[in-house]
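# Breakdown of the fold
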Amino acid sequence: MQMTYLRRYLFVLVGLFMLSSCSKFSKLQKTGTQQEKYNAALEYYKKGDYYKAGLLFEELIPLLKGGMEAELAEFYNAYCQYHQGIYSMSQYLFKKFYDTYARSEYAQEAFYMHAFSLYKDSPPAHLDQSNTMTAITALQDFINRYPDSPFEEECSKYILELRRKLELKAYEKAKLYYKISDFQYYSLKSAVIAIENFQKDFPDSGYNEELAYLKVDAQYNLAKSSLPDKQKERFSDVLKFYRAFVDKYPNSKYGRDAEKLYTESQKELERILKLEEEMQKLREQRDNAPNAPARISTSGAQPK
């Protein structure tokens, strides 16, 4: 019973404190002088109350005309957004600060925080990676501008991390085309193209062994689902992809399955070549038959 009463008392006490604090802040916003607001913003910032500090800095920035106070207000306001996790805004404000105060002692840090905010705003691998590409560009720009910066090593680490995210995204995209293909022509073709793009963009990826096999498999099924006049070329590509796969991964766990596809493709090519020979013989027999209709000469002259 006593503990229950104590909890209620503490709850009321905290509520009154918060109400008083909010009332004090509202009064400051309404009647405080510019200097009082600036000093309070710095105090809120030091205490970690970035929301209230940010509100005051945003109000003050249009009123402060140059000088160190204006510079610090913009710098701290960018950090207020960063500490609240509003990275899309913090990256913008840090870049704006850098562009406005390029000679400031905080300029290098602002440019780094612009790039770092973009890094923090990079979405998970399964989502669109446009922001990730922007973050990589910003981090690389920072390294190019400040090659001797203490932040350089961190930027290089973040770039590698973001590139691995792009690698995973491209891998999942290629796998998705393969998974949803259900031996459908356009999906199989997209799978082969996506895998080839991945191999060009990430030649040293650990995913390449699996994807090299899947390219053989997708190409084999693409050839099987193609029209007859396209099958010869596409089964030939299966053999080409298989040889490239075996050359690079001679001891692959996918080797046996890939070899089956190679053997089946060889059989299909033999069948196609045999069919072509038979068709050629039939054409020759028809052309050489005694009652075969005369061919029209391409030169326009009448056949003899």
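As the structure is a computational prediction, the values presented were derived from the model and not from experiment. Each chain has its residues counted from 1, following the order in which its sequence is written. Given that this is a predicted model, residues contribute local features only at a pLDDT of at least 70 and side-chain atom pairs are listed and counted only at 80 or more, while totals for whole chains, interfaces and linings are drawn from all residues. Only hydrogens and water are removed before side-chain values are computed, so all heavy atoms of the structure are retained for them.

## Remarks on the overall build of the protein chain
The test is simple: Helix and strand definitions follow DSSP, with helices as H or I runs of at least four residues and strands as E runs of at least two, each counted in order from the N terminus. A simple rule labels every residue: compare its accessible area, found with a 1.4 Å probe on the protein chains alone, to the largest value its type can have, and call it buried under 20%, exposed over 50%, or partly exposed in between. The contact definition used throughout considers only heavy atoms, calling two residues in contact when any of these lie within 4.5 Å. The accessible surface values rely on the Shrake-Rupley method and a 1.4 Å probe; as for residues, cover is taken only from the protein chains in view.
Counting secondary structure elements, the protein chain contains 12 helices and zero strands. Shown N-terminal to C-terminal, the secondary structure of the protein chain runs as helices and strands in the order α-α-α-α-α-α-α-α-α-α-α-α. Going through the 304 residues of the protein chain one by one, you find that 38% of them count as buried. Taking all contacts inside the protein chain whose residues are at least 6 apart in sequence as the whole, residues at least 24 apart take part in 56%. On the protein chain, roughly 19800 Å² of surface is accessible, and the fraction owed to carbon and sulfur atoms is 54%.

## Notes on the pattern of salt bridges
To be explicit about the condition: A pairing counts as a salt bridge when a side-chain nitrogen of Lys or Arg comes within 4 Å of a carboxyl oxygen of Asp or Glu.
Applying the stated criterion to the full structure yields eight salt bridges. The shortest N-O distance in the salt bridge between Glu59 and Lys37 comes to 2.2 Å. Residue Glu59 is found in helix H3 (residues 50-60), and its partner Lys37 is found in helix H2 (residues 34-47); the two are separated by 22 residues along the sequence. The partner of Asp99 in a salt bridge is Lys95, with the nearest N and O atoms 3.1 Å apart. Pair noted here: Asp99 and Lys95 are both in helix H5 (residues 87-100), with a separation of four residues, about one helical turn.

## Regarding the packing of aromatic side chains
Quick note on the threshold: We call Phe, Tyr and Trp rings a pair once their centres come within 6.5 Å, taking the six-membered ring for Trp, and we label the pair stacked below 30 degrees between planes, edge-to-face above 60, and tilted otherwise. Lysine NZ or arginine CZ positioned within 6 Å of the ring centre and within 35 degrees of the ring normal marks a charge as sitting over the ring.
Using the criterion set out here, one finds 32 aromatic pairs in the structure. Ring centres of Phe116 and Tyr119 lie 5.5 Å apart, and the angle between their planes is 25°; on these two criteria the pair is classed as stacked. Here the residue Phe116 and the residue Tyr119 both occupy positions in helix H6 (residues 107-120), the gap between them amounting to three residues, near one helical turn. Each member of the pair, Phe116 as well as Tyr119, is classed as buried. In this arrangement the basic side chain of Lys215 is found over the ring face of Phe241, its NZ or CZ atom lying 4.4 Å from the centre.

## Remarks on the packing of H6 against helix H8 (residues 152-180)
When two helices pack together, their arrangement is given by the angle between the helix axes and by the axis-to-axis distance. Here is the rule we go by: Here, axes are lines fitted to C-alpha atoms. For helices the fit covers the stretch in contact, and angles between N-to-C directions go from 0 to 180 degrees. Throughout this description, any angle smaller than 35 degrees is read as roughly parallel, any larger than 145 degrees as roughly antiparallel, any in the 65 to 115 degree range as roughly perpendicular, and the remainder as oblique. Left-handed describes a crossing whose near helix is turned anticlockwise from the far helix by less than a right angle; the clockwise case is right-handed. Side-chain classes follow a simple rule in which Ala, Val, Leu, Ile, Met, Phe, Trp, Tyr, Cys and Pro form the nonpolar group, Asp, Glu, Lys and Arg form the charged group, and the remainder, Gly included, forms the polar group.
Two elements in contact, H6 and H8, have axes separated by 11 Å at closest approach and are oriented at 25°. Taken together, the axes of H6 and H8 lie roughly parallel to each other. For the crossing formed where H6 meets H8, the hand is left-handed. Between H6 and H8, the contacting residues are Tyr112, Phe116 and Tyr119 on the first element and Glu154, Cys155, Tyr158, Glu161 and Leu162 on the second. Its residues assigned to classes, the contact of H6 with H8 comprises six nonpolar, no polar and two charged.

## Here's the deal with the packing of helix H7 (residues 130-145) against H8
Packing of H7 against H8 leaves a shortest axis separation of 9 Å and a crossing angle of 155°. Put simply, H7 runs roughly antiparallel to H8. The element H7 and its partner H8 pack so that their crossing is left-handed. The segment H7 lies against H8, with Thr132, Met133, Ala135, Ile136, Leu139, Gln140, Phe142 and Ile143 engaging Glu152, Cys155, Ser156, Tyr158, Ile159, Leu162, Arg163, Lys165 and Leu166. For the contact of H7 with H8, the per-class residue count stands at 11 nonpolar, three polar and three charged.

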